[in-house]
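Understanding the architecture of this molecule
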Amino acid sequence: MKSILTKYEQFSVFSGIPKQCDHHLVFGKGSFWRKLSEEYGLKIPLLNREHNMSSEGTSHQIHDNVAAEHLSKMLGQVAFEKYYLAEKLASGENLGHQSAEDWMDESREEFRRVFGESFL
């Protein structure tokens with residue numbers, strides 16, 4: 001699936017330079033989460049050095065940088081939840097008298113159902 005985070009998939013989201021790879025926002029647990037990230041469009045285009053091959057150390061890349069890895073997973077979950085809500089609204093599904101908070105809870109539970117945990 002295409003990225004649900006950017007329509008400019010050919011350029012790195014950090015530098016704007018033509019991309020070299022995709023970073024799957026929710027990753028780990030073998031290839032399980034990576035496959036789900038691909039299926040749900042939870043990926044961003046990057047340069048290899050921004051992803052996992054920086055010559056300047058891990059503070060300049062996502063992988064092996066604990067804070068960046070955690071933020072990546074949080075961003076993936078937020079994007080999933082936003083997309084899930086937008087799809088429900090666009091489908092014209094009768095959401096009844098549910099409050100916006102109920103809708104948000106439902107999207108959070110759907111993320112947990114699909115990925116097995118929450119990062120928020």
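For the structure, see preceding data.
Thresholds, definitions, all that
- Residues numbered from 1 in each chain as written.
- Predicted model: local features only at pLDDT ≥ 70, side-chain atom pairs only at ≥ 80, totals over all residues.
- Heavy atoms only, no water.
- Salt bridge = Lys/Arg side-chain N within 4 Å of Asp/Glu carboxyl O.
- Buried < 20%, exposed > 50% of the residue type's maximum accessible area, 1.4 Å probe, protein only.
- Axes fitted to C-alpha atoms, helices over the stretch in contact; angles between N-to-C directions.
- Helix = DSSP H or I, 4+ residues; strand = E, 2+ residues; numbered from the N terminus.
- Parallel < 35°, antiparallel > 145°, perpendicular 65-115°, else oblique.
- Left-handed = near helix turned anticlockwise from the far one by under 90°.
- Contact = heavy atoms within 4.5 Å.
- Nonpolar A, V, L, I, M, F, W, Y, C, P; charged D, E, K, R; others polar.
- Core = buried A, V, L, I, M, F, W, Y, C linked by side-chain atoms within 4.5 Å.
- Phe/Tyr/Trp six-rings, centres within 6.5 Å; stacked < 30°, edge-to-face > 60°.
- Lys NZ or Arg CZ within 6 Å of the ring centre and 35° of its normal.

Observations concerning the pattern of salt bridges
Counting across every chain of the model gives 5 salt bridges. A salt bridge links E38 to K43; the shortest N-O distance between them is 2.7 Å. E38 gets classed as partly exposed once you look at its relative accessible area, which sits at 29%.

Regarding the packing of helix α3 (residues 66-90) against helix α4 (residues 100-115)
Contact pair α3 / α4: the axes reach a minimum separation of 9 Å and the direction vectors enclose 120 degrees. The angle between α3 and α4 falls in the class oblique. At the point where α3 passes α4, the crossing takes the right-handed sense. For the pair formed by α3 and α4, the contact residues are G76, Q77, F80, E81, Y84, L85, K88 and L89 on the first element and W103, M104, E106, S107, R108, E110, F111, V114 and F115 on the second. Across the contact of α3 with α4, the residue classes tally to 9 nonpolar, 3 polar and 5 charged.

Topic: the nonpolar core
Ranked by size, the top nonpolar core spans 16 residues in total, and within it V26, W33, L42, F80, F111 and F115 carry the most contacts. Breaking this core down by element, the ones donating at least two residues are α1 (32-40), β2 (43-46), α3 and α4. In this structure W33 touches V26, F27, G28, K73, F115, E117 and F119, once residues within four positions along its chain are discounted.

What about the packing of aromatic side chains?
Considering all chains together, one arrives at 8 aromatic pairs under this definition. Aromatic side chains F111 and F115 sit 4.5 Å apart centroid to centroid with 20 degrees between the ring planes, which places their arrangement in the stacked category. Taken together, the residues span about one helical turn, with F111 and F115 both in helix α4 at a distance of 4 residues. In this structure F111 comes out as buried when scored by relative accessible area, which is 0%. Judged by its relative accessible area of 2%, F115 falls in the buried class. Cluster of aromatic residues (ring-pair linked, three or more members): W33, Y40, F80, Y84, F111, F115 and F119. If you follow K73 out to its NZ or CZ, it ends over the ring of F27, 4.9 Å from the centre.

Purely geometric numbers; function is a separate question.
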